[in-house]
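Geometric and topological summary
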Protein chains: 4
Amino acid sequence: MKRIYDPVHHFIELEPAEARLLDTPALQRLRRLRQLGLAYLAFPSAEHSRFSHALGALAVGTRAFDELLHHGRQFFTSEDDVAYQRRLVRAALILHDVGHGPFSHACEAVVGVRHEDRTLAILARPEIQAHLADIDVDSQHVADLILGQGQSQFPVLAELVSGPNLDADRMDYLQRDAYFTGVAGGKYDADQLLGSLRIFQVEGRPVLGIDRRGVVALESFLLARYMMFASVYFHHTTRMFERILQEALRELWPDPRLLDPIDEFLRWDDFRVLNELRDRDSIPARALRERVRLYAVAAEFNAERDLKAFERCEKALRKAYGDAVWADEQSQLLHRLPLQADPKAPTIWVSTSSGAVVDAREASDLIAKLTGKAYWRKLFVERARVDVAEARRICREAAHT
Amino acid sequence: MKRIYDPVHHFIELEPAEARLLDTPALQRLRRLRQLGLAYLAFPSAEHSRFSHALGALAVGTRAFDELLHHGRQFFTSEDDVAYQRRLVRAALILHDVGHGPFSHACEAVVGVRHEDRTLAILARPEIQAHLADIDVDSQHVADLILGQGQSQFPVLAELVSGPNLDADRMDYLQRDAYFTGVAGGKYDADQLLGSLRIFQVEGRPVLGIDRRGVVALESFLLARYMMFASVYFHHTTRMFERILQEALRELWPDPRLLDPIDEFLRWDDFRVLNELRDRDSIPARALRERVRLYAVAAEFNAERDLKAFERCEKALRKAYGDAVWADEQSQLLHRLPLQADPKAPTIWVSTSSGAVVDAREASDLIAKLTGKAYWRKLFVERARVDVAEARRICREAAHT
Amino acid sequence: MKRIYDPVHHFIELEPAEARLLDTPALQRLRRLRQLGLAYLAFPSAEHSRFSHALGALAVGTRAFDELLHHGRQFFTSEDDVAYQRRLVRAALILHDVGHGPFSHACEAVVGVRHEDRTLAILARPEIQAHLADIDVDSQHVADLILGQGQSQFPVLAELVSGPNLDADRMDYLQRDAYFTGVAGGKYDADQLLGSLRIFQVEGRPVLGIDRRGVVALESFLLARYMMFASVYFHHTTRMFERILQEALRELWPDPRLLDPIDEFLRWDDFRVLNELRDRDSIPARALRERVRLYAVAAEFNAERDLKAFERCEKALRKAYGDAVWADEQSQLLHRLPLQADPKAPTIWVSTSSGAVVDAREASDLIAKLTGKAYWRKLFVERARVDVAEARRICREAAHT
Amino acid sequence: MKRIYDPVHHFIELEPAEARLLDTPALQRLRRLRQLGLAYLAFPSAEHSRFSHALGALAVGTRAFDELLHHGRQFFTSEDDVAYQRRLVRAALILHDVGHGPFSHACEAVVGVRHEDRTLAILARPEIQAHLADIDVDSQHVADLILGQGQSQFPVLAELVSGPNLDADRMDYLQRDAYFTGVAGGKYDADQLLGSLRIFQVEGRPVLGIDRRGVVALESFLLARYMMFASVYFHHTTRMFERILQEALRELWPDPRLLDPIDEFLRWDDFRVLNELRDRDSIPARALRERVRLYAVAAEFNAERDLKAFERCEKALRKAYGDAVWADEQSQLLHRLPLQADPKAPTIWVSTSSGAVVDAREASDLIAKLTGKAYWRKLFVERARVDVAEARRICREAAHT
């Protein structure tokens, strides 16, 4: 048993076969993919990698599994079943991000292949197959868990690995991104949330849910996601450099199909991209090197009702400056619970004091109130072509028409 | 300059005259009033006093003041004005809780005098007057700040000391109660909130507000209050022992007017109450000594829509058990922003990117969605007179009728 | 299984029978004994009780036990033996401080009965005996663990409960006192220390020790104790008020034998003492109420070599001021490892890379260098009878003669 | 004024001219130099860069400067002098690590040019000169501060930037490395240490020192350095991969003089090195890619007295395995205070209660006891050529001869 220090979860324990899987080049490569891409240009210490996140997801997922087992041994058929599912969920969490390309989202936008497809190709590689056999899990089960829950014969594990709500991925990254950026928002009551996880039987299927005493922790968990979007993930500096990076990547990879062979894909990581941009003369390459802010925010509207003002401003700006305007419009559901109580759609189930199991929005007025989306709408202008003060003046006027 | 360690705010500095004020018996008495009353019966380490909270409010209020000054020196007429207001807000924060009786809310419920009235009586005492003169502040100004903002000539300070939204009282106690209970919920991004405080001129009056970059911190601050109500302040064990305490206090003070003279009032604190209960034979006295849970929760309903079910259950229980049923119905506004944009009502003002100053609900969809109340409704039954399992069965049935 | 929040150890779990033991008046009384006595007069938030410490010792001791078991199951004869020892060590830790009087050390100094004797008397009470039977442990075994290791048939547990080096008592209180005072010094790498605990067989006896990878954590643990003595436990304000308290207690208990009957003893706690001092007119009573510093530090010498200067200053002060001088001389071994490698004396055993087990001073040069004592020598003078500036001048002169 | 989040120091403020200096390629390059080199192979989350450390040193150095000023305004000649020195110390701290090469120590070992020389060359570059002029500091003063204190006309600032004891560099990196590795050891009481910094006049020169109330914080600071050496900096995995890296760098740079031109030097960073190793077939390149542990620890001796055993084991191993043995012998002074009280040698000065200023070892017995070195001696063997179990057996035998 190997023991690794982690500042978020303290100690993380690894079986020897798991440690060997982690030592393969495909997984070591995750050390060169930053969890938050270019966010370090706004939050300098956000330099943590997908590798440390994979370990963190492993840690938190294992704690979740052990808690589910402790309160729901009846959902497992035997000690062998328990041991198998535990090995399986751990292997899947180690591997869950292995298909990401350099600067993940920018790469997908430019190259056009989804990281899930890369994941399948990587799982199929002989050395990964050999390590999964060594860990003694079926690689098809691993793939099913990582790629979604529909097809898995382990539906609760699938929710834990890749579900939209209570997945170990998010349980780790919110805490981790908060820890490494220094932004408090992503912290939630993880001990209480993990301690409240339960398996319930709903309409004949086992589903992931939480004990009623954990409702406040669940609320804090759902809000943490919003807080991190608002503070970090949609920070204007991050958004701007991600756009600049896409321009640089299009230059770097004029034919994105060159990255299709998985061998070639695996030869790319954040470090290599930055390295290849070092000697390039283009504007985006230089901007990334010297943190040149090519764009400025002319106006910003985050309330739902501001859509009209946003559209008026965009129109006015475009009239004045044409394609030197960039309208960045992001939105996120405040939570991913389905809007109707469709029994097929995954929600978060919560037990009540009377013994019933209900949708989280029934159990919490706060969660019910959080229905809908949050918006982050920004109008950027190119500094090289636009007088920023004038652009801001145009927006002020257009907004209040 | 005296330096005191505080685990929440690290160092707290005191002027000699402030330290002398703190050493008076009226303020030392706050060491024997616990900030969270009987909550330690549910959260064993919640033993912190109103004294450490007064120091904490002083620390956070001073940081707030310094931030307001840094960004709004134009709102102060002179260096003397700055120095006077700083001394004033500090003195008011030291004294803001001095009128609380033993176990605060329970005492008020039984004795029927509001702590604000006690505060005035204590401020009028000669030794306190002397110390305020020594600090060089007008005691009437101090009283105005503590008792509400209407009459104060320092409206921004009044909001900071006793306002409904952005007061230093709450800024400290949420963090402090979270720190000492071990419940994560009360943490919010205090650095960012404090760094975003601003004075704005709205309709000709200076008001307390926040810079738009602090909106996420403001959201986390408003939510922290809800989280602490849900986890700690309305915890069923705390609520139960507070009720038992009220019975004990009625026994201890058959004539509550005996506490009216302020000299007598100041001779009472939590420690004395517990001491006087030590040798009493009554049921509530013994229950407090041995943590006997005289009541059990028969049913609990926290969603707004559950009112009907709650009423049905209460009715069914009362039919079965009469006055052995205790219906504990608590609610709290999710935030204290006024429901209409009444320019007279205190709200939180937020600056926008266009330079306007708007209500916080305009600046944040999240805050807008949080309009309304949260409910904590519990039906307790007396264990001595009721079969708890049967009571729960009655509720399950009544709830689903 | 009951779950309690604790800010130091997060969740603490209790068996129902353990919770019932904690609800007895003898244990609830610990809520009214502060862990650090009067230190709150120097560190305002150090208001935590021996009750929360008892829970903390239970938590950390259980983690230690589980770690010892995980790495040394061969030292246990059966599953029943494991379960029994676990119940036993938990019961002993819950009870380990039950014999303390109000303000512990001051009380012992005045009353002259050691808290260990009180402990035995309390363990003998029928309600405690009944609860221990309910938990299913032998009360004699509990007493043996609490009172020292010589006689116990569970020598490793005895080290864990009351040993001089690696006891759960200290493992909790260093962290806890650091957390509640806000002084960083008492923190050590608790995760690593606990994870390194092992049982070794030395000279035919099982002894408590640590794995070599935990040596740095052990060093930090030993140093944490020194840091807390230097910062908190021997702080001049604490020392001064402890002396004043002794004077007050002598006045309060002119015949200390009145506290001998255990029933009477259990009727006393910190809260009652403070309460009884409320209306007293004596100088010490008033000093405690208003935090009047009756003494001032005239000189302070902490280095070993300063003994001569200390003695010269004391002599010069006594000549000038007679019994208005108080020489407070404290010392502590930097660690409690025995000075010679006496195989009978308890030390901390450490495993080496070659498989041998050696004394901690052999395994760590740092610990070896820390041999000897630390000194805290202070000369106080009574402010009422002495000109403090003059006394300091006398000391400066005498020191440099 | 720009505000940056930092998880260690919360907010860091930058003047616009400072922000522009940070945006130059020479400083952005520090984002691609990891503060702890290859330690991430043992502590996965130790991925923080010299860039975030430079910001941290700036933050902590500014707090130190402000504290020195607050207590020692008499050491500054005018407000202009204050403002100049503050700008100067900030510029120097931003730039203090700018001369480091990829993987710092490994690079120096292979290339043979000290980072101080690189620093001078970088400071001489026109764009850096222009930015320093923009900040309004003399670049020669900056160089003097970074490169050592002998020649500086600001001796106290020189101690703060590059002194052997109380430098902002160490004040940041101990906390930062502890935060990012998750190892507790590097934490010390930074608030208390910073709050105790003072300028003293010793033998006619102003020197950096600390107020006596900060002695315990100073002790914790000195020990933190030892703790981090023992836990992190000399961790066997880190040491092994640093050796492997040196082999890889020798292969990569057969002629290290190619890096001499500063333009070429600045084109290298950790990311590029790792990138260039991606497709190499050599053993060290592959070992770094797949975390292949080419060496195993055969024996380890950390106590001073073990030198003889270490030498015997090395001899025995060499006899058996020749150059397949690697003896890694590291040592560090426990503190850097000079061994004799040479008034010329830099020590840490501490004020006493009598008003004198003494060497830290006089003020603290603990520091006095820590005189001397700590040792970390490891015998590694190459796994490819040596039977590790046999090598360990040889060592066990040789050690006990």
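Our subject in this report is the structure included herewith. (Residues numbered from 1 in each chain as written. Chains lettered and ligands numbered in written order. Predicted model: local features only at pLDDT ≥ 70, side-chain atom pairs only at ≥ 80, totals over all residues. Heavy atoms only, no water.)

1. Details of the packing of aromatic side chains
Definition in use: Note on ring pairs: Phe, Tyr and Trp rings are taken, using the six-membered ring of Trp, and paired if centres are within 6.5 Å. Classes follow the plane angle, with under 30 degrees stacked, over 60 edge-to-face and the rest tilted. Labels follow the DSSP assignment, with helices taken as runs of H or I lasting at least four residues and strands as runs of E lasting at least two, numbered in each case from the N terminus. Type-normalised accessible area, obtained with a 1.4 Å probe on protein chains alone, sets the label of each residue: buried when under 20%, exposed when over 50%, and partly exposed for intermediate values. Criterion for a charge above a ring: Arg CZ or Lys NZ at most 6 Å from the ring centre, at most 35 degrees from the ring normal.
For the coordinates displayed, the defined rule picks out 74 aromatic pairs over all chains. Taking the centre distance of 6.2 Å and the plane angle of 40° together, the rings of Tyr 84 of chain A and Phe 154 of chain A count as tilted. Placement of Tyr 84 of chain A in helix H4 (residues 79–95) and of Phe 154 of chain A in the loop between helix H8 (139–147) and helix H9 (155–162) is noted, with a sequence separation of 70 residues between them. For the residue pair Tyr 84 of chain A and Phe 154 of chain A, the accessibility class agrees, reading buried in each case. Between Tyr 188 of chain D and Phe 221 of chain D, the aromatic rings sit 4.9 Å apart at their centres with planes inclined by 65°, giving edge-to-face as the arrangement. Taken together, the residues Tyr 188 of chain D in the loop between helix H10 (168–181) and helix H11 (190–196) and Phe 221 of chain D in helix H12 (residues 215–233) connect sequence positions 33 residues apart. Taking relative accessible area as the criterion, Tyr 188 of chain D reaches 7% and is therefore assigned buried. The ring of Phe 51 of chain B is capped by Arg 31 of chain B, whose NZ or CZ atom sits 3.9 Å from the centre of that ring. The lysine or arginine in question, Arg 3 of chain C, covers the ring of Phe 11 of chain C, its NZ or CZ lying 4.4 Å from the ring centre.

2. Concerning the relation of the copies chain B and chain D
Applicable threshold: The superposition of copies rests on a least-squares fit of C-alpha positions from residues with pLDDT of 70 or more in both. In this analysis, two residues are considered to be in contact whenever any of their non-hydrogen atoms come within 4.5 Å of each other.
Rotating chain B by 180° about the axis while translating it 0.0 Å along that axis superimposes it on chain D, leaving an RMSD of 0.0 Å. Here the symmetry operator amounts to a two-fold rotation axis. Comparing interface residues between copies, 100% of those in chain B also sit at the interface in chain D, which points to an isologous, same-surface contact.

3. Details of the pairing of strand S9 (residues 373–382) of chain D
Residue and element names in this part refer to chain D. How we decide: Following DSSP output, two strands are said to pair if at least two bridges run between them.
Burial within S9 is extensive, with nine of its 10 residues counted as buried. Sheet topology note: the strand S5 (residues 295–301)/S9 ladder contains six bridges and is antiparallel. Among the inter-strand pairings, Ala 299 is bridged to a residue of S9, identified as Leu 379. In terms of strand pairing, strand S6 (residues 325–333) meets S9 through nine bridges, oriented antiparallel. Of the residues in S9, the one forming a bridge with Trp 326 is Phe 380.

4. Considering the interface of chain B and chain D
As a reminder, the rule being used: Using a 1.4 Å probe, buried area is obtained as the accessible area two parts lose upon being combined, added over both of them. Each salt bridge in this description consists of a side-chain nitrogen of Lys or Arg and a carboxyl oxygen of Asp or Glu lying within 4 Å of one another.
On the side of chain D, nine residues touch chain B, which itself brings nine residues to the contact. Here chain B meets chain D over a buried area of about 750 Å², counting both sides, of which 34% is carbon and sulfur. Across the chain B-chain D interface, the total number found is two salt bridges. Measuring nitrogen to oxygen at the nearest pair gives 3.7 Å for the salt bridge that ties Arg 3 of chain B to Glu 67 of chain D. Put simply, the parts of the chain that give the side of chain B that touches chain D at least two residues each are strand S1 (2–6), strand S2 (10–14) and helix H11 (190–196) of chain B. Looking at which element gives the most residues to the side of chain B that touches chain D, the answer is H11 of chain B, with three residues.

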